[in-house]
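# Descriptive analysis of the structure
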Amino acid sequence: MRVGVVGAGGMGSVHARKYALMDDVDLYAFDRNQEKLDNYCTQFGATGAKSLEALIETVDAVDVCTPTDSHFEIAMAAVKAGKAVLVEKPMCRTVQECRDLIDAAKTAGVGLMPGQVVRYFGDFEAVHEAVKAGKVGKPAVVRSRRGGRAARGSDLWFQDHERSGGVLLDLAVHDFDWLTWTFGDVKTVHSRTICLGDRVEGAEFEGDYALTTLTFASGCIAHVETTWMDPTGFRATIEVCGSEGMIEHDTRNAATLRIHTADGSRQEANLAPSDDPFFRQLRAFVDAVEKGGAMPVDPEDGLRAVEIAWKAIESAKTGRAIAL
């Protein structure tokens, strides 16, 4: 199958490494920066396209790994051309863009999948399955924490809220998806942040921090902490408390190896390639396209996560709890 990755940056490179492990995938790529594209094709053995239109015409499926504010235009072009599409999270920058893209995919009869990769992390998947199996009884309170150093990106686009949506839309969207996947519908969202409603006058933060409370229809409550202001490096935690017990996971406790250098801190797990969450996500996407079945992650779930993120942004700006 011919897969075309749009975007030769950090996430596009992550995806390329995983596609390179698949014998049944031929990799194509496009980036508006020709030098980056040439280096990308050399490194990953991809075939470069001269334009986005040329890439879409050539491939069977498109993988969008560009800045958030470009997701809708690129994905819509691929959908209208009748190609299956995987879009990195958040699926689109706005709720309306998500809705329009979903409608277009239904009309065209093509698969559309949001890249909510946390579902494919083994530990988070295990917690989800344990909750669904009733291992903690009736869930009552959930605490999650995700983040690390300030995200940058080419042209510092992560730091531009008009492009990235900030820490709530870009990072917390992971947890919003996993939480609704695991605990169901959300009734209200209440969020406080440093960079929005609670920003200190005259201070400049190279980052972003948010604490969001979700109230679910079931009565369960989730406290979601998200940060781009932690100099110690990335960390993700989850704690679920219920009537029959508790489950907790901390990536810093689970990591096989942690490395700290002048370039930053990172952790590596001792996983086989087939157990890597990004590989599992992309393999599931490729298999669904090849078989013509439903996408492993429903695009409506991608829409729901974006909607919660925007309600959190509204709450942070107004200081009010917002109903969905």
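Everything quoted here is computed from the prediction, not taken from an experiment.

This paragraph deals with the layout of surface pockets. Here the second largest pocket defines a volume of roughly 260 Å³. Of all elements in the fold, only helix 5 (95-108), helix 11 (277-291) and helix 12 (299-318) reach the threshold of two or more residues within the lining of the second largest pocket. In terms of residue count, the dominant contributor to the lining of the second largest pocket is helix 5 (3 residues). In terms of residue class, the lining of the second largest pocket is built from 10 nonpolar, 4 polar and 3 charged.

This next bit is on helix 12. Taking 1.5 Å of rise per residue, the 20 residues of helix 12 would be expected to cover 28 Å, and the 29 Å separating its terminal C-alpha atoms lies within 8% of that figure. The set of residues buried in helix 12 consists of P299, D301, G302, L303, A305, V306, I308, A309, A312, I313, S315 and A316. The backbone nitrogen of E300 lies 2.7 Å from a side-chain oxygen of the residue at the head of helix 12, namely D298. Immediately beyond the C-terminal end of helix 12, within one or two residues, lies G319, with a positive phi of roughly 80°.

So, about the packing of aromatic side chains. Each aromatic ring pair is characterised by the separation of its centres together with the angle its planes make. One pass over the structure, following the stated rule, counts 7 aromatic pairs. A centroid spacing of 6.4 Å and a plane angle of 75° characterise the contact between F121 and F278, whose relative ring orientation is edge-to-face. With F121 in the loop between strand 6 (112-115) and helix 6 (122-132) and F278 in helix 11, the pair connects residues that are 157 residues apart, well separated along the chain. Judged by its relative accessible area of 32%, F121 falls in the partly exposed class. By relative accessible area, F278 is classed as buried at 17%. Measuring from ring centre to ring centre gives 6.0 Å for W178 and F183, while their planes differ by 70°; the resulting arrangement is edge-to-face. Taken together, the ring pairs in this structure connect F124, W178, F183 and F216 into an aromatic cluster. Residue placement shows R146 over the ring face of F124; its charged tip is 5.4 Å from the ring centre.

The subject of this paragraph is unusual backbone geometry. Note the cis peptide between K89 and P90, where omega equals -20°. On the secondary structure map, P90 appears in the loop between strand 5 (84-88) and helix 5. The phi dihedral of D155 is positive, around 60°, even though this residue is not glycine. Along the chain, D155 falls in the loop between strand 7 (139-147) and helix 7 (161-164). Here L156, not a glycine, exhibits a phi torsion of approximately 55°, which is positive.

Bringing helix 2 (residues 34-44) into the picture now. Along helix 2, the residues classified as buried are L37, Y40, C41 and F44. Down the axis of helix 2, the smallest arc covering the buried residues is 95°, so these residues share one side. For helix 2, the exposed residues lying more than 90 degrees away from the buried face are E35, T42 and Q43. Where helix 2 is buried, its residues contact strand 1 (2-6), helix 1 (10-19), strand 2 (26-30) and strand 3 (47-48). The residue sitting at the N-terminus of helix 2 and contributing the capping side-chain oxygen is N33; that oxygen lies 3.1 Å from the backbone nitrogen of E35.

Interaxial distance between helix 4 (residues 71-80) and helix 5 falls to 9 Å at its minimum, and their mutual angle equals 10°. In this view, helix 4 runs roughly parallel relative to helix 5, as classed from their interaxial angle. Of helix 5, the residues touching helix 4 (which contributes F72, A75, M76 and V79) are E97, D100, L101, A104, A105 and A108. Across the contact of helix 4 with helix 5, the residue classes tally to 8 nonpolar, no polar and 2 charged.

Our focus in this paragraph is the sheet that holds strand 3. Strands pair in a sheet through their backbones, by hydrogen bonds, and they do so in one of two ways: parallel or antiparallel. A sheet is described by the order of its strands in space; here 6 strands give the open sequence 3-2-1-4-5-6, paired in parallel fashion. Strands at the two margins of the open sheet, each flanked by one partner only, are strand 3 and strand 6. The sheet contacts of helix 4 involve strand 1, strand 4 (61-64) and strand 5, and relative to strand 5 the element is tilted by about 170°. Its contacts with the sheet place helix 11 against strand 4, strand 5 and strand 6, and it is angled at close to 160° to strand 5.

Calculation notes
- Residues numbered from 1 in each chain as written.
- Predicted model: local features only at pLDDT ≥ 70, side-chain atom pairs only at ≥ 80, totals over all residues.
- Heavy atoms only, no water.
- 1 Å grid on protein atoms, 1.4 Å probe; cavity = no way out; pocket = protein on both sides within 12 Å on 5 of 7 lines; lining within 4 Å.
- Points joined across faces, edges and corners; volume = space filled by probe spheres on them.
- Helix = DSSP H or I, 4+ residues; strand = E, 2+ residues; numbered from the N terminus.
- Nonpolar A, V, L, I, M, F, W, Y, C, P; charged D, E, K, R; others polar.
- Expected span 1.5 Å × (residues − 1).
- Buried < 20%, exposed > 50% of the residue type's maximum accessible area, 1.4 Å probe, protein only.
- Polar contact = N/O pair within 3.5 Å; in protein donor to acceptor, adjacent residues only side chain to side chain.
- Phe/Tyr/Trp six-rings, centres within 6.5 Å; stacked < 30°, edge-to-face > 60°.
- Lys NZ or Arg CZ within 6 Å of the ring centre and 35° of its normal.
- Arc of directions from axis to C-beta.
- Contact = heavy atoms within 4.5 Å.
- Axes fitted to C-alpha atoms, helices over the stretch in contact; angles between N-to-C directions.
- Parallel < 35°, antiparallel > 145°, perpendicular 65-115°, else oblique.
- Pairing = 2+ DSSP bridges.

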